[in-house]
Amino acid sequence: MFRTTALRLSSLMRGAVQVSKPSVAPVTRFMSSHSTETDEQFDSRYENFFNRKDIDGWEIRQGVNDLCGHDLVPEPKILIAALKACRRVNDYALAVRIIEAVKDKCGGKVNEIYPYIIQEIRPTLSELGIDTPEELGYDKPELALQSVYDIH
């Protein structure tokens, strides 16, 4: 009886240990079939997307989400088109969130890139009546208290 149990156990273990060899060819084929796009084509594609007259709030969010998925900070002309699309659908909060997302995308170079972006889109912000997150006080915690160690 012990012998039968040991044989079944060893066959189960052998089946569990055997590793099937994964197929690499289909993955390689799909990864090599991407198309290249120039920076100008990329910018114009997103600018045209946001300049559509029939765009709605969900599509704006989808485009911004897709744009934030790329490893880049969007060009000011793309942001201007997105902000104007927000104005067409009357979504002020989304416009402010787009500016916040751009600031987040600046990463470690936020002190270099973000002021340039704001400088470039400032006329559009003024035209549309949109405040930056800093002007709204969103850059500071709401309940920020002075540290007890700094009180004299």
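See the structure shown above.
Report follows, based on the coordinates.

What counts and what doesn't
Just so you know, the residues in each chain are numbered from 1, in the order the chain's sequence is written. Predicted model: local features are reported for residues with pLDDT of at least 70 only, side-chain atom pairs are reported and counted for 80 or more only, and whole-chain, interface and lining totals are derived from all residues. Calculation of side-chain values draws on the structure's entire complement of heavy atoms; hydrogens and water are dropped beforehand. Here the axes come from fitting lines to C-alpha atoms, over the contacting stretch only for helices, and the angles between their N-to-C directions go from 0 to 180 degrees. Think of it this way: any DSSP run of H or I at least four residues long counts as a helix, any run of E at least two long counts as a strand, and we number them from the N terminus. For classification, angles of less than 35 degrees are called roughly parallel, those exceeding 145 degrees roughly antiparallel, those between 65 and 115 degrees roughly perpendicular, and all remaining angles oblique. In this analysis, two residues are considered to be in contact whenever any of their non-hydrogen atoms come within 4.5 Å of each other. Just so you know the grouping, Ala, Val, Leu, Ile, Met, Phe, Trp, Tyr, Cys and Pro go in nonpolar, Asp, Glu, Lys and Arg go in charged, and all remaining residues, Gly too, go in polar. What the bend at a residue measures is the angle between two axes, fitted to the seven residues ending there and to the seven starting there. Put simply, a patch holds well-exposed residues, over 30% relative accessible area, that have no salt bridge, with like charges counted together within 9 Å and Val, Leu, Ile, Met, Phe, Trp or Tyr side chains within 5 Å. All accessible-area figures derive from a Shrake-Rupley calculation using a 1.4 Å probe, and residue coverage is judged against the displayed protein chains alone. One speaks of a salt bridge when a side-chain nitrogen belonging to Lys or Arg is within 4 Å of a carboxyl oxygen belonging to Asp or Glu. Type-normalised accessible area, obtained with a 1.4 Å probe on protein chains alone, sets the label of each residue: buried when under 20%, exposed when over 50%, and partly exposed for intermediate values.

1. What to know about the packing of helix α3 (residues 39-50) against helix α5 (residues 76-88)
Interaxial distance between α3 and α5 falls to 8 Å at its minimum, and their mutual angle equals 10°. Taken together, the axes of α3 and α5 lie roughly parallel to each other. Where α3 approaches α5, its residues Asp 43, Tyr 46, Glu 47 and Phe 50 are matched on the opposing element by Lys 77, Ile 78, Ala 81, Ala 82, Ala 85 and Arg 88. When grouped by side-chain class, the residues that make up the contact of α3 with α5 number 6 nonpolar, no polar and 4 charged.

2. What to know about helix α7 (residues 110-128)
Residues three or four positions apart in an α-helix share a direction because the helix packs 3.6 residues into each turn. Ile 121 marks where α7 bends most, by close to 55°; the proline Pro 123 follows one to four residues later. On the buried face of α7, the contacting elements are α5, α6 (92-105) and α8 (133-136). A positive phi of about 75° marks Gly 129, the residue just after α7.

3. A few points about a nonpolar patch on the surface
A grouping of Tyr 92, Leu 136 and Tyr 138 is seen on the molecular surface, where their side chains present a nonpolar patch of about 300 Å² in accessible area. Relative to the helices and strands, Tyr 138 resides in the segment after α8. For Tyr 138, a relative accessible area of 52% translates into the label exposed.

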